[in-house]
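Observations on the three-dimensional arrangement
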Amino acid sequence: MDNMSHFHLENHWKGKREVIVYDLVKLFTFSLSIRAFMGIVDSDKILYFYEKFKIFTRGLLAMDINFPGTTFYKAMKAGIELRKEMKSIIEQRREKLQENPNIPKVDVLTQLLDEQDGDGNYMSEVEIVDKVFGFIIGSYDTTAITITLTMKYLQEKPEFFNEIMEEQNEISRQMKPRKVLCWDDIQKMRKTWSFVNEVLRNKPVVQGIFREAIEDITYEDFVIPKGWKIYLSFGATQKNSEYFPNPNKFDPSIFEGNGQLVPYTSVPFGGGHRICPGKEFARLLILVFLHNLLKKFRWKAKVPSEKILYPFFLLAIPTDRYPVTLYNL
Ligand code: HEM
């Protein structure tokens with residue numbers, strides 16, 4: 001992650017006067033996800049998947065009108081092409097595993113192909129494809145948006161910028177002569193992660209989640225009959241003045257373990273059985289990227305009053321994808 005962040009910033013940011021943050025970060029998080037989950041490193045292949053996934057994911061929340069020209073039709077077509085490509089990758093990977101069962105299983109796809117249940121059965125191809133696609137779809141846009149929003153808030157809140165820089169500079173100092181971040185360095189990024197958490201409390205990347213009542217429930221004076229759908233709005237919960245006395249004040253210290261935070265009141269990753277399984281992966285990715293970014297660049301918004309909206313209902317996105325003027329350090 002550290003090396004990939006470094007090379008991405010060197011190749012796509014360095015020397016540029018202006019960049020559109022969301023677009024670039026999304027390409028980075030996608031490249032990293034497809035490497036971690038599918039073991040793909042070839043840049044042409046990554047771009048192929050990137051374009052196809054863009055079309056595919058647009059269809060997830062589109063009207064299901066399967067007619068040439070519609071978003072849904074294009075997404076279905078991209079889905080078929082992606083599955084075909086995935087099938088051929090799975091076949092090649094299986095062959096490699098048969099030739100040498102001890103090859104390093106560093107990506108999720110290879111691990112799933114090698115996984116057996118208690119009776120010695122392997123996972124079916126459909127299951128594997130669904131799982132890998134689920135991870136990719138769940139990972140790259142959410143993390144890209146979180147990084148983009150964090151950059152936007154960092155620039156708008158200079159009072160916190162300095163203490164985050166102090167934390168990151170101290171980590172860089174202590175690392176020497178080692179150049180690559182290690183696990184302990186990440187654990188020291190407490191202020192930076194509190195800041196990201198406060199960004200996610202103020203602007204949850206995912207607006208909310210659905211649940212279905214599997215039995216009749218009585219909650220306070222409300223009866224929720226079995227089968228009803230329940231929508232948990234993160235925005236409402238995370239700005240509830242009962243738990244956050246000053247809900248609109250941006251205050252990362254809430255997350256610094258001083259007892260201010262009531263459990264399950266800030267839930268940008270969901271909760272319970274279906275809590276986001278990528279939470280720790282996201283933390284790692286976001287912190288590693290921010291560390292590299294802060295070492296090399298400063299930035300200024302090109303559209304100072306840019307709004308953050310939820311155009312496809314689910315995910316928060318700055319309306320202009322956060323264009324900035326970049327200053328190389
Ligand atoms: C800042 C980044 C992220 C945010 C804000 C986020 C948020 C969420 C939320 C709110 C849910 C629904 C949880 C629930 O129903 O209780 C979810 C589910 C999920 N996320 Fe994430 N996520 C992020 C990153 C990731 C990453 C990096 C991955 C992959 C490694 C990932 C994979 C998934 C998957 C597979 C699910 C579905 C889990 C299930 O239904 O059982 N997410 N995420």
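Residues numbered from 1 in each chain as written. Predicted model: local features only at pLDDT ≥ 70, side-chain atom pairs only at ≥ 80, totals over all residues. Heavy atoms only, no water.

For the chain, an unreviewed UniProt entry supplies the name Beta-amyrin 28-oxidase and the organism Nicotiana attenuata. Here the chain is described in UniProt, under the heading Cofactor (unreviewed entry), as follows: "heme". Word for word, the UniProt comment on the chain under Subcellular location (unreviewed entry) is "Membrane". (UniProt positions renumbered as here; feature names shortened; annotations may be inferred.)

For the rest of this paragraph, the subject is the overall build of the chain. On a plain count of helices and strands, the chain comes out with 11 helices and 9 strands. For the chain, whose C-alpha radius of gyration is 21 Å, the value lies close to the compact-globule estimate of 20 Å for 329 residues. With the C-alpha coordinates aligned to their principal axes, the bounding extent of the chain is approximately 60 × 55 × 45 Å. Taking all 329 residues of the chain together, 42% fall into the buried category. Residue pairs in contact within the chain that sit at least 24 positions apart in sequence constitute 66% of those at least 6 positions apart. Just so you have it, the chain exposes about 18500 Å², and 54% of that area is on carbon and sulfur atoms. Side chains of the chain carry 45 positive and 42 negative charges; the gap between the two charge centres is 6 Å. (Helix = DSSP H or I, 4+ residues; strand = E, 2+ residues; numbered from the N terminus. Rg over C-alpha atoms; globule rule 2.2 N^0.38 Å. Buried < 20%, exposed > 50% of the residue type's maximum accessible area, 1.4 Å probe, protein only. Contact = heavy atoms within 4.5 Å. Areas by Shrake-Rupley, 256 points an atom, 1.4 Å probe, with all protein chains shown as cover. Lys, Arg positive; Asp, Glu negative; His and termini not counted. Charge placed at Lys NZ, Arg CZ, Asp CG, Glu CD.)

Helix length check: helix α2 (residues 21-38) (18 residues) gives 25 Å between terminal C-alpha atoms against 26 Å at 1.5 Å per residue, within 8%. Of all the 18 residues making up α2, 15 are buried; the element is thus mostly covered by neighbouring parts of the structure. Remark: Gly39 follows α2 within two positions and exhibits a positive phi of approximately 75°. (Expected span 1.5 Å × (residues − 1).)

In this section: the site of the ligand. Near the ligand you find 21 residues, and of these Thr146, Arg211, Gly271, Arg274 and Cys276 are the closest. Taking Gly138, its main chain carries an N or O atom lying 3.2 Å from a nitrogen atom of the ligand. Measuring from an oxygen atom of the ligand, one finds a side-chain N or O atom of Arg274 at 2.7 Å. For the shell around the ligand, the element with the most residues is helix α6 (residues 125-156), which contributes 5 residues. Partitioned by chemical class, the residues of the shell around the ligand number 12 nonpolar, 7 polar and 2 charged. (Near = heavy atom within 4 Å. Polar contact = N/O pair within 3.5 Å; in protein donor to acceptor, adjacent residues only side chain to side chain. Nonpolar A, V, L, I, M, F, W, Y, C, P; charged D, E, K, R; others polar.)

Here Gly79 shows up in helix α4 (residues 71-99). Classification of Gly79 by relative accessible area gives buried; the value is 2%. As for Gly79 and Phe53, which are separated by 26 residues in sequence, their C-alpha atoms are 8.0 Å apart.

Here the focus is the environment of Phe255. Position of Phe255 relative to the elements: it lies in the loop between α10 (234-238) and α11 (279-296). When its relative accessible area of 18% is taken as the criterion, Phe255 is described as buried. C-alpha separation for the pair Phe255 and Asp107, spaced 148 residues apart in sequence, amounts to 32 Å.

Moving on, we come to the packing of aromatic side chains. The final tally for this structure, using the stated rule, is 18 aromatic pairs. A ring pair is formed by Phe30 and Tyr140, whose centres lie 4.9 Å apart and whose planes are at 80°; its orientation type is edge-to-face. Here Phe30, found in helix α2, pairs with Tyr140, found in helix α6; they are 110 residues apart in sequence, far enough to count as distant. For the pair Phe30 and Tyr140, a shared accessibility class is recorded, and that class is buried. (Phe/Tyr/Trp six-rings, centres within 6.5 Å; stacked < 30°, edge-to-face > 60°.)

Moving on, we get to the pairing of strand β6 (residues 297-301). The two faces of β6 differ: Phe297, Trp299 and Ala301 on one face are buried, but Arg298 and Lys300 on the other face are not. The sheet contact formed by β6 and strand β9 (residues 323-328) spans 5 bridges and is antiparallel. Counted as the bridge partner of Ala301 is Val324 from β9. (Pairing = 2+ DSSP bridges.)

If you look at the biggest cluster of nonpolar residues, it comprises 52 residues, and the most contacted ones within it are Trp13, Leu293 and Trp299. If you list the elements that add at least two residues to this core, you get α1 (2-12), α2, α6, α7 (158-175), α9 (190-202), α11, β6 and β9. If you tally residues by element for this core, the top one is α11, at 9 residues. Excluding residues that lie within four positions of it along the chain, Trp13 makes contacts with His8, Val19, Val21, Leu24, Val25, Met151, Phe289, Leu293, Phe297, Leu326 and Asn328. (Core = buried A, V, L, I, M, F, W, Y, C linked by side-chain atoms within 4.5 Å.)

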